[in-house]
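Inside the fold
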Amino acid sequence: MRKSMFLSAVFAILFSLSALAQQNTLGVFDEQADVGAKTKPGSGTYLPQTQQYILSGAGENIWNASDEFHFMYKKMKGDFILNTRADFLGWNGVEMHRKMGWMVRKSLDGNAAHVNAVVHGDGLTSLQFRRTAGAKTEEIHSKTDHANIIQLERKGKTYTMRVAKYGEPFVTEQIADIDLGDDVYVGVFIGSHNADVNETAAFSNVRIAVPFPDNKKMGMILGSNVELMEIATGNRKIAYTVPYSIQAPNWTPDNKLIFNDEKGLLYNFDLASGKSSIISTPGVKNNNDHVLSFDGKMLGMSSNTKQGSIVYTVPVAGGIPKQITPTGPSYLHGWSPDSKSLVFCGQRNGDFDIYKVPAEGGPEVQLTNTKGLDDGPEYTPDGKYIYFNSVRSGLMQIWRMKPDGSGQEQVTNDDYNNWFAHISPDGKWMVFITFLKEEVEPGAHPAYKHVYIRLMPVAGGKPKVLAYFYGGQGSINTPSWSPDSKQIAFVSNSDIGEIVK
């Protein structure tokens, strides 16, 4: 049964290729080619509905002093980060060393210098490179095999491969002092390891990001992609792209998103039409801490003022904001299910703790008092707990407590920095953003980092990586589950503007 279902899916994709032949674009890529003098013709197709790339190609090998394969690519300069999820199509290939992955080449000549992150048909996963034209190909084997998450990053002359079996953290390999020049050919590839046979692979969640430079200029930002992700499959689609910063999508009960931009404006984004409109909140400059009430009627938000961030509320359609917290900084993160209370992270007496305040305004109640940063409070849909993140154990971890602040207990305990737990509407699942320990300090959640979104049962269990991407601050600061608990929305970053076609 499993094999027949898989083959049916393969045939469905191939049928879609034929149906879309007349309207095919190459998505984020510009060209495609068969590399190598005697390579049997291959093909590449972009499927706009699923934002997948289907490549078929032949070729004797990608090894030794020359290569043969099919390549879908674009020309790029400088540093970049390449991400994809890749799978061979077909139950078994002809050759166990058929290859697919990311390729960076100095030219399209078959013997060109290159670096590639490659997965073989037998599961071998490796970082391959040819230092100069016609030189012997070298290889570093990954400690993991059968990877289907493939990332390749260039920073100067250093190339870093990060790979994983979907759901697991990255395993990293790196090679330095590879000089391919500034202008390179960048793309996805497939080679069959057999000159007479075409193999096929599907590349999904393809993202090309240009990282924030070390020599950043004041006020410099990257562009943003609003992404929708299916929890069950891990499939991601870019719903909206802008060349500036937008952040923190909330998902409304009537199937819209609410997010803020870098100027402090809030927007409604209609998922059906793909159009956005401003939510009127005159007199305030909204940051990325805005939260819908559980019934979807009210919007709580944090606004930057001379006192720091202050909490306000407004009807979801917009209006004159009502100030709730008298002092700041106060960063809103949650409503109680009965809409009577708000919870926020507030800095008082030199420390950040969790506070509760009546939604109509009134005295604040301090819920945590442990030394160190406590942040991101959010009620569960049944109102029994408030989840939050705290640095009190050394690294930033997810905690929870009862609504009166009692019974504080640690939920995650691992070697990462975990922020902003969001509970699904059905109360069964929790997603949170994870920063790598080597990239950030425990109390920091900066933008423009390698991050994960991870999924964990509320009842307990091992977290699973849902998304591997370039983002961080503003990606998923606030609740972003779809009403049916089947999807989440988040923001990834890139300055090349991945256009949805």
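Residues numbered from 1 in each chain as written. Predicted model: local features only at pLDDT ≥ 70, side-chain atom pairs only at ≥ 80, totals over all residues. Heavy atoms only, no water.

**Details of the side chain of lysine 356**
Its place among the elements puts lysine 356 in strand β29 (residues 351-358). Within the buried core, lysine 356 has no salt-bridge partner, and the shortest N-O distance to an opposite charge, that of aspartate 404, equals 7.2 Å. Separated by 3.1 Å, the side chain of lysine 356 and the backbone oxygen of proline 403 make a polar contact. Here lysine 356 is in contact with Ser341, Leu342, Val343, Pro363, Glu364, Val365, Leu367, Tyr379 and Pro403, once residues within four sequence places are set aside. (Helix = DSSP H or I, 4+ residues; strand = E, 2+ residues; numbered from the N terminus. Buried < 20%, exposed > 50% of the residue type's maximum accessible area, 1.4 Å probe, protein only. Lys, Arg positive; Asp, Glu negative; His and termini not counted. Salt bridge = Lys/Arg side-chain N within 4 Å of Asp/Glu carboxyl O. Polar contact = N/O pair within 3.5 Å; in protein donor to acceptor, adjacent residues only side chain to side chain. Contact = heavy atoms within 4.5 Å.)

**Observations concerning the side chain of threonine 137**
Mapped onto the fold, threonine 137 is located in the loop between β10 (125-130) and β11 (138-141). Separated by 2.7 Å, the side chain of threonine 137 and the backbone oxygen of asparagine 64 make a polar contact. One polar contact links threonine 137 to arginine 130, side chain to side chain, over a distance of 3.2 Å. Those residues within four positions of threonine 137 in sequence are excluded, and the remaining contacts are Trp63, Asn64, His114, Gln128, Phe129 and Arg130.

**Observations regarding the nonpolar core**
The tendency in soluble globular proteins is for nonpolar side chains to be buried side by side. Grouped together as the largest cluster of nonpolar side chains are 39 residues, with contacts concentrated most on Phe29, Tyr53, Trp102, Val104, Leu152 and Phe203. Residues Val431, Val440, Leu455 and Phe490 belong to the second largest nonpolar core, which totals 31 residues. (Core = buried A, V, L, I, M, F, W, Y, C linked by side-chain atoms within 4.5 Å.)

**As for the pairing of strand β24 (residues 298-305)**
Inspection of the sheet shows strand β23 (residues 286-292) paired to β24 by four bridges, in the antiparallel sense. Paired with valine 291 across the bridge in β24 is glycine 300. Counting the residues in the hairpin turn of β23 and β24 gives five residues, including glycine 296, whose phi is positive at 75°. By the bridge criterion, eight bridges tie β24 to strand β25 (residues 308-315) in an arrangement that is antiparallel. Paired with leucine 299 across the two strands is valine 314, which belongs to β25. Taking the residues between adjacent antiparallel strands as the criterion, β24 and β25 are bridged by two residues. (Pairing = 2+ DSSP bridges.)

**A few points about unusual backbone geometry**
A cis amide bond, omega 0°, links glycine 328 with the succeeding residue proline 329. Structurally, proline 329 is set in the loop between β26 (322-323) and β27 (330-335). The backbone of asparagine 255 shows a phi angle near 70°, a positive value even though the residue is not glycine. Tracing the backbone through its elements, the reader meets asparagine 255 in the loop between β19 (246-251) and β20 (256-261). Classification of asparagine 255 as partly exposed rests on a relative accessible area of 40%. The residue serine 339 is not glycine, and still its phi comes out positive at about 65°. Position of serine 339 relative to the elements: it lies in the loop between β27 and β28 (341-348).

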